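Structural overview
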Amino acid sequence: MAVILCYGDSNTHGTRPMRVAGVSERHARAQRWPEVMARALGAGHEVISEGLPGRTTVHDDPVEGGERNGIKVLPAILHSHKPIDLMILMLGTNDLKHRFSVGAYEIARSVERILLATRAEAVTRGELIVCPAPARETGTLTDVFAGAEARQAGLEAHMRAVADRHDCGFVEAGAHVAVSQGDGVHWEADQHERFGAVMAEQARIALGRLR
């Protein structure tokens, strides 16, 4: 049984595009991309979805609170599900919130910290970095993500460089899916379906390299 851990934020959780800022609804389980991926991979694969709305890479959130700092809770999550064959890491979108005021290079470096922290726990056989689909300053979350479009410039290149530097898989989500115009961050159900199919193929490739 190949164990795949999907470590991410609201788009891994399956949060619907928000009709009211701060009011969260969730896509049906079968529509969320980790579930779509699991169905496509079939028997012999266990897909664990660890998506937390608002999760950042390395930042405590002074507004929303909670344990949203991705690197703080990482060891407990890893050891809860060990041994893990493949960890899929998709974080960075929430770092683009105006309150954190960080750019693409810093976000990529923060993802690199999570990757290195993951390897330090020695419970995964392989890792795959996903660069999130670009955020848009539109709809209900415009104020929350003010300036995000400018700050995310170059994120894909910086994250790809991290993956290359550490010899792990890489996927550019924005090459396959787009955020909803309703809030500029979350995905509609059809995008989850599309991304789940893409990630099933990427997971097969990544797992094949581990054999």
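Shown above is the structure to which this text applies.
Figured I'd write up the structure that's included with this text. Note that the coordinates shown come from a computational prediction; the quantities given were computed from them, not determined experimentally.

Calculation criteria
Within each chain, residues carry numbers counting from 1 in the order of the written sequence. Totals for whole chains, interfaces and linings use every residue, but because this is a predicted model, local features are given only for residues with pLDDT of at least 70 and side-chain atom pairs only at 80 or more, for both listing and counting. Hydrogen atoms and water are omitted, and side-chain values are computed over all heavy atoms in the structure. Lines fitted to C-alpha atoms define the axes here, with helix axes fitted over just the stretch in contact, and angles between the N-to-C directions of these axes take values from 0 to 180 degrees. We count a stretch as a helix when DSSP gives it H or I for four or more residues in a row; a strand needs E for two or more, and each element gets its number in order from the N terminus. Oblique is the label for every angle not falling under 35 degrees (roughly parallel), over 145 degrees (roughly antiparallel), or within 65 to 115 degrees (roughly perpendicular). Put simply, a crossing is left-handed when the front helix is turned counterclockwise from the back one by less than a right angle, and right-handed when it is turned clockwise. Whether two residues touch is decided by their heavy atoms; if any such pair falls within 4.5 Å, the residues are in contact. Just so you know the grouping, Ala, Val, Leu, Ile, Met, Phe, Trp, Tyr, Cys and Pro go in nonpolar, Asp, Glu, Lys and Arg go in charged, and all remaining residues, Gly too, go in polar. Any Lys or Arg side-chain nitrogen located within 4 Å of an Asp or Glu carboxyl oxygen qualifies as a salt bridge. Here's how the labels work: a residue is buried when its accessible area is under 20% of the maximum for its type, exposed when over 50%, partly exposed in between, all with a 1.4 Å probe on protein chains only. Here the rule is simple: two strands pair whenever DSSP picks up at least two bridges between them. By definition here, a helix of n residues has an expected span of 1.5 Å times n minus one. The arc in question is traced by the directions running from the helix axis to the C-beta atoms. Two N or O atoms count as a polar contact when they lie within 3.5 Å, although within protein this holds only if one can serve as hydrogen donor and the other as acceptor, and sequence-adjacent residues are included solely when both atoms are side-chain atoms. Think of it this way: Lys and Arg go in the positive column, Asp and Glu in the negative one, and His and the chain ends go nowhere. Stacked, edge-to-face and tilted labels apply to pairs of Phe, Tyr and Trp rings (six-membered ring for Trp) whose centres lie within 6.5 Å, assigned for plane angles under 30 degrees, over 60, and everything in between, in that order.

Let's talk about the packing of helix H2 (residues 33-41) against helix H7 (residues 189-210)
Remark: H2 packs on H7, axes separated minimally by 7 Å, with the N-to-C direction vectors making an angle of 50°. With respect to H7, the element H2 is oriented oblique. For the pair H2 and H7, the crossing hand works out as right-handed. Of H7, the residues touching H2 (which contributes Trp33, Val36, Met37, Arg39, Ala40 and Leu41) are His192, Glu193, Phe195, Gly196, Ala197, Met199, Ala200, Ala203 and Arg204. Across the contact of H2 with H7, the residue classes tally to ten nonpolar, two polar and three charged.

Details of the pattern of salt bridges
As enumerated under the stated definition, the model contains 13 salt bridges in all. Close ionic contact of Glu156 with Arg160 constitutes a salt bridge, the shortest N to O distance being 2.6 Å. One end of the pair, Glu156, and the other, Arg160, are both in helix H6 (residues 155-165), four residues apart, so they sit about a helical turn from each other. With relative accessibility at 24%, the residue Glu156 sits in the partly exposed group.

Comments concerning the sheet that holds strand E4 (residues 124-131)
Note: strands within a sheet are paired through backbone hydrogen bonds, in either parallel or antiparallel orientation. One open sheet holds the five strands; their spatial order is E2-E1-E3-E4-E5, and the pairing between them is parallel. Two strands close off the open sheet at either side, each with one partner strand: strand E2 (45-51) and strand E5 (169-172). Averaged over all pairs of adjacent strands, the angle between strand axes in this sheet comes to 20°, irrespective of strand direction. Of the pairings in the sheet, the one linking strand E3 (residues 84-90) to E4 comprises five bridges and is parallel in character.

Looking at helix H3 (residues 70-81)
Its twelve residues give H3 an end-to-end C-alpha distance of 16 Å, which sits within 8% of 16 Å, the value for a rise of 1.5 Å per residue. All of the buried residues along H3 are Gly70, Ile71, Val73, Leu74, Ile77 and Leu78. For H3, the arc enclosing every buried residue in end-on projection is 150°, short of the 170-degree limit, so these residues lie on one face. In H3, the exposed residues that point more than 90 degrees away from the buried face are Ala76 and Ser80. The secondary structure elements touched by the buried residues of H3 are strand E1 (2-8), E2, E3, helix H4 (104-121) and E4. Here H3 starts with a cap whose side-chain oxygen sits 3.2 Å from the backbone nitrogen of Ile71, and that cap is Asn69.

A look at the side chain of Asp95
Summarising the element assignment, Asp95 is placed in the loop between E3 and H4. For the buried residue Asp95, which engages in no salt bridge, the nearest side chain bearing the opposite charge is Lys97, 8.7 Å off. Apart from residues no more than four positions distant in its own chain, Asp95 is found in contact with Thr56, Thr57, His59, Phe100, Val102 and Ile107.

Focus: the packing of aromatic side chains
Counting across every chain of the model gives two aromatic pairs. An angle of 80° between the planes, with centres 5.2 Å apart, marks the rings of Trp33 and Phe195 as edge-to-face. One end of the pair, Trp33, is in helix H2; the other, Phe195, is in helix H7, with 162 residues separating them in the sequence. The exposure classification of Trp33 matches that of Phe195, with both residues buried. Taking the centre distance of 5.0 Å and the plane angle of 75° together, the rings of Trp187 and Phe195 count as edge-to-face. The same class applies to Trp187 as to Phe195, namely buried. Counting every residue linked through ring pairs, the aromatic cluster contains Trp33, Trp187 and Phe195.

What to know about the side chain of Arg32
Within the element layout of this structure, Arg32 appears in the loop between helix H1 (10-13) and H2. Despite being buried, Arg32 has no salt bridge partner; Glu35 is the closest side chain of opposite charge, sitting 5.5 Å away. Side-chain polar atoms of Arg32 contact the backbone oxygen of His27, separated by 2.9 Å. Setting aside residues up to four positions removed in sequence, Arg32 forms contacts with His13, Gly14, Arg26, His27 and His192.

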